[in-house]
Amino acid sequence: MPEDTIFAKIVRGEIPADVVYRDEHVTAFRDIHPQAPVHVLIVPNRVIPSALDVTEEDEPVLGRLFTAARRVAEQEGLADGFRLIVNCRAHGGQEVDHLHLHLMGGEPLGPMRVRRR
Ligand code: DGP
């Protein structure tokens, strides 16, 4: 069932996570495998599996993901900037089928993608 994602369990408090922000629409917590000094995941509380599954009904929660990102960035002292990434399905490298923003920062992050060919 989609509501049984690992992130849904974190939202419901059933498994531990370092939660840095939560409200009625979204929850933000530190990534278990950080790839930058600050690496926070921001997820809708209600499961949307991927960026290919969003609908017009989701627009309020999708907007909240961004305002939560700005709040977390301020909390974490990222005034010099940061990167937001959404991986989608197989080609995007999505591992958890619960839409999430990766918020990464705390140092210059370099090019967005290293081309392999
Ligand atoms: P993605 O590839 O975009 O689906 O990224 C999934 C991220 O989720 C990955 O960076 C590791 C993180 N992650 C996976 N399981 C857990 C968990 O149980 N707790 C936390 N805090 N992060 C997790």
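Residues numbered from 1 in each chain as written. Predicted model: local features only at pLDDT ≥ 70, side-chain atom pairs only at ≥ 80, totals over all residues. Heavy atoms only, no water.

All chains considered together, the criterion is met by nine salt bridges. Residues E24 and R64 are paired through a salt bridge, measuring 3.3 Å at the closest nitrogen-oxygen approach. Linking E24 in the loop between β1 (19-22) and β2 (26-30) with R64 in helix α2 (residues 59-75), this pair joins segments that are 40 residues apart in sequence. By sharing partners, the salt bridges in this structure join D4, R12 and E14 into a single network. (Salt bridge = Lys/Arg side-chain N within 4 Å of Asp/Glu carboxyl O. Helix = DSSP H or I, 4+ residues; strand = E, 2+ residues; numbered from the N terminus.)

A few words on the pairing of strand β3 (residues 38-44). Along β3, seven of the seven residues are buried, which leaves the element largely enclosed by surrounding structure. Pairing of β2 with β3 involves five bridges; the strand directions are antiparallel. For T27, the partnering residue across the bridge sits in β3 and is V43. (Buried < 20%, exposed > 50% of the residue type's maximum accessible area, 1.4 Å probe, protein only. Pairing = 2+ DSSP bridges.)

One way to see where empty space is left: roll a probe the size of a water molecule over the atoms. There is about 1,000 Å³ of room inside the largest pocket. If you go around the largest pocket, you meet 32 residues; those closest to its centre are Q35, H39, N87, G93 and H102. Elements represented by at least two residues in the lining of the largest pocket include exactly α1 (6-11), β2, β3, β4 (82-85), α3 (89-92) and β5 (101-105). Element by element, the count of residues in the lining of the largest pocket is highest for α1, at three residues. Across the lining of the largest pocket, the residue classes tally to 15 nonpolar, 10 polar and seven charged. (1 Å grid on protein atoms, 1.4 Å probe; cavity = no way out; pocket = protein on both sides within 12 Å on 5 of 7 lines; lining within 4 Å. Points joined across faces, edges and corners; volume = space filled by probe spheres on them. Nonpolar A, V, L, I, M, F, W, Y, C, P; charged D, E, K, R; others polar.)

For the ligand, the set of nearby residues contains 15 residues, the closest of which are D31, N87, E95, H100 and H102. Here E95 contributes a backbone N or O atom positioned 2.6 Å from an oxygen atom of the ligand. Considering the ligand on its own, with 510 Å² of exposed area, one finds that the protein chains cover 87% of that surface. Structurally, the ligand is housed in the largest pocket. Within the residue set of the shell around the ligand, elements represented by two or more residues are α1 and β2. Looking at the shell around the ligand, the element that brings in the most residues is α1, giving three residues. Across the shell around the ligand, the residue classes tally to seven nonpolar, five polar and three charged. (Near = heavy atom within 4 Å. Polar contact = N/O pair within 3.5 Å; in protein donor to acceptor, adjacent residues only side chain to side chain. Areas by Shrake-Rupley, 256 points an atom, 1.4 Å probe, with all protein chains shown as cover. Sits in = over half its atoms within 2 Å of the grid points.)

Attention now moves to the side chain of D58. In this structure, D58 sits in the loop between β3 and α2. Overall, D58 belongs to the buried group, its relative accessible area being 4%. Beyond its immediate sequence surroundings of up to four residues, D58 is in contact with R46, I48 and D53. (Contact = heavy atoms within 4.5 Å.)

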